[in-house]
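Chain by chain, the residues:
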Amino acid sequence: FRSEMDFEFYGALDRANRLGPWEPAVQTGTVDMGLSAWRYLAVPAQEWVVAAMDRALLRDHHEIQRIATAYKSLALVCARPGLPARVTEFCVKK
């Protein structure tokens with residue numbers, strides 16, 4: 001998987017963050033991609049994923065929970081300092 005995290009992968013995350021941050025499908029897709037690769041993401045990409053998660057939690061808590069459970073990466077996300085309040089609350093409820 002790590003070999004697939006190239007310029008194209010990071011470019012897709014960047015474009016999703018810049019061009020579609022309020023689109024529900026973009027939020028969910030960003031969280032899905034990001035949590036699947038969290039251990040290998042550079043810090044800016046982790047920030048994009050956390051921002052998408054924060055927005056997605058406004059409308060689809062259950063889907064974000066499903067994704068986080070599937071990839072077993074929520075503990076790593078929750079260990080990150082400076083999380084938005086909504087993401088912190090999501091982490092605490094786990």
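Placed above this text is the structure.
First, a word on scope: everything that follows refers to the structure included in this document. (Residues numbered from 1 in each chain as written. Predicted model: local features only at pLDDT ≥ 70, side-chain atom pairs only at ≥ 80, totals over all residues. Heavy atoms only, no water.)

### A few points about the overall build of the protein chain
Secondary structure summary: the protein chain contains six helices and zero strands in total. From first element to last, N terminus to C terminus, the protein chain shows the α and β order α-α-α-α-α-α. The C-alpha radius of gyration computed for the protein chain amounts to 12 Å, which stays within 12% of the reference 12 Å derived for 94 residues, consistent with globular compactness. Along the first, second and third principal axes, the C-alpha set of the protein chain runs to 35 × 25 × 25 Å. With 94 residues in all, the protein chain has 40% of them scored as buried. Residue pairs at least 24 apart in sequence account for 70% of intrachain contacts in the protein chain once pairs closer than 6 positions are excluded. (Helix = DSSP H or I, 4+ residues; strand = E, 2+ residues; numbered from the N terminus. Rg over C-alpha atoms; globule rule 2.2 N^0.38 Å. Buried < 20%, exposed > 50% of the residue type's maximum accessible area, 1.4 Å probe, protein only. Contact = heavy atoms within 4.5 Å.)

### A look at the environment of His-61
Structurally, His-61 can be placed in helix α4 (residues 61–71). The exposure class assigned to His-61 is partly exposed, which follows from its relative accessible area of 33%. Discounting chain neighbours no more than four positions away, the residues touching His-61 are Ala-56 and Phe-90.

### As for the packing of helix α1 (residues 7–19) against helix α3 (residues 43–56)
It is the contact of α1 with α3, at a shortest axis distance of 10 Å, that shows an interaxial angle of 40°. Overall, the two elements α1 and α3 adopt an arrangement that is oblique. Note that α1 runs across α3; the crossing there is left-handed. Taken together, the residues of α3 that come into contact with α1 (itself represented by Tyr-10, Leu-13, Asp-14 and Asn-17) are Ala-45, Trp-48 and Arg-55. Of the residues belonging to the contact of α1 with α3, the class tally is four nonpolar, one polar and two charged. (Axes fitted to C-alpha atoms, helices over the stretch in contact; angles between N-to-C directions. Parallel < 35°, antiparallel > 145°, perpendicular 65-115°, else oblique. Left-handed = near helix turned anticlockwise from the far one by under 90°. Nonpolar A, V, L, I, M, F, W, Y, C, P; charged D, E, K, R; others polar.)

### Looking at α1
Here α1 spans 17 Å end to end across 13 residues, near enough to the 18 Å set by a 1.5 Å rise per residue. Looking only at α1, the buried set comprises Phe-9, Gly-11, Leu-13 and Ala-16. In the core, the buried residues of α1 are packed alongside α2 (24–36) and α3. (Expected span 1.5 Å × (residues − 1).)

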